[in-house]
Amino acid sequence: MSTNYFAFGPFPGGEADSEGLHIGQHAGGWEFLWHAHNDHGLTCTDTWLRFLSREGVTIETEYGTVVPLTDFWKHATLRPAEANPHMSSRATAVVDWRDRRGCPFYDGDFC
C-alpha cells in the first residue's frame, strides 16, 4: 500500500494549481521517495521545506487527509537507519539522487 502526498497553495513562481503539486510517495516498508520538480527548484529537502513552510501551503494525502507540516516532515525525512530494522532503502533503480540528508529523489512520473 502506498500513499502519495501533494502540496496545495501558491507554488514557487506565484501560480496555484487546484490539482496540487506532487511531493512524493510513501510505500509501506520503504523510505519516503521525494518527487523532484526542477521547474520549481524543488530538488532537495531544503528547498521543499522552504516551499512547504510558506503561508497558505497545505499538505494532503491522495485520500484528502490534511497533514501538518511537522508530522509530514518527521515521517518524510526518516532514514531507514533511524527507523526500525524493517524499513528498507529505495533501490537505486528508482532513485535519481540523494540530497545532503540522504533523502531519495526521483525526477520522473510516479505511478
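Preceding this section is the structure that the text describes.
Residues numbered from 1 in each chain as written. Predicted model: local features only at pLDDT ≥ 70, side-chain atom pairs only at ≥ 80, totals over all residues. Heavy atoms only, no water.

### Side note on helix α1 (residues 45–52)
- If you check which residues of α1 are buried, you get Thr45, Thr47, Trp48, Phe51 and Leu52. Along α1, the residues classed as buried sweep out an arc of 160 degrees about the axis, all on the same side.
- In this fold, the buried residues of α1 make contact with β1 (2–8), β2 (21–27), β3 (33–35), β4 (58–61), α2 (69–76) and β6 (104–106). (Buried < 20%, exposed > 50% of the residue type's maximum accessible area, 1.4 Å probe, protein only. Helix = DSSP H or I, 4+ residues; strand = E, 2+ residues; numbered from the N terminus. Arc of directions from axis to C-beta. Contact = heavy atoms within 4.5 Å.)

### So, the environment of Ile59
- With respect to the helices and strands, the residue Ile59 is situated in strand β4.
- Taking the relative accessible area as the measure of exposure, Ile59 reaches 3% and is therefore buried.
- C-alpha of Ile59 to C-alpha of Ile23: the two residues are 36 residues apart in sequence and 8.6 Å apart in space.
- Not counting the four nearest positions on each side in its chain, Ile59 is found in contact with Tyr5, Phe6, Ile23, Leu52, Thr65, Val66, Val67, Leu69 and Phe72.

### With respect to the pattern of salt bridges
- Counted according to the given criterion, the structure contains three salt bridges.
- With a closest N to O distance of 2.7 Å, Arg98 and Glu31 form a salt bridge. Linking Arg98 in strand β5 (residues 97–98) with Glu31 in the loop between β2 and β3, this pair joins segments that are 67 residues apart in sequence.
- By relative accessible area, Arg98 is classed as partly exposed at 36%.
- The salt bridge involving Asp46 is made with Arg100; its shortest N-O contact spans 2.9 Å. Of this pair, Asp46 sits in helix α1 while Arg100 sits in the loop between β5 and β6, and the two are 54 residues apart along the sequence.
- Since its relative accessible area comes to 67%, Arg100 is described here as exposed.
- Look at the salt bridges and you will find they share partners, linking Asp46, Arg100 and Arg101 into a network. (Salt bridge = Lys/Arg side-chain N within 4 Å of Asp/Glu carboxyl O.)

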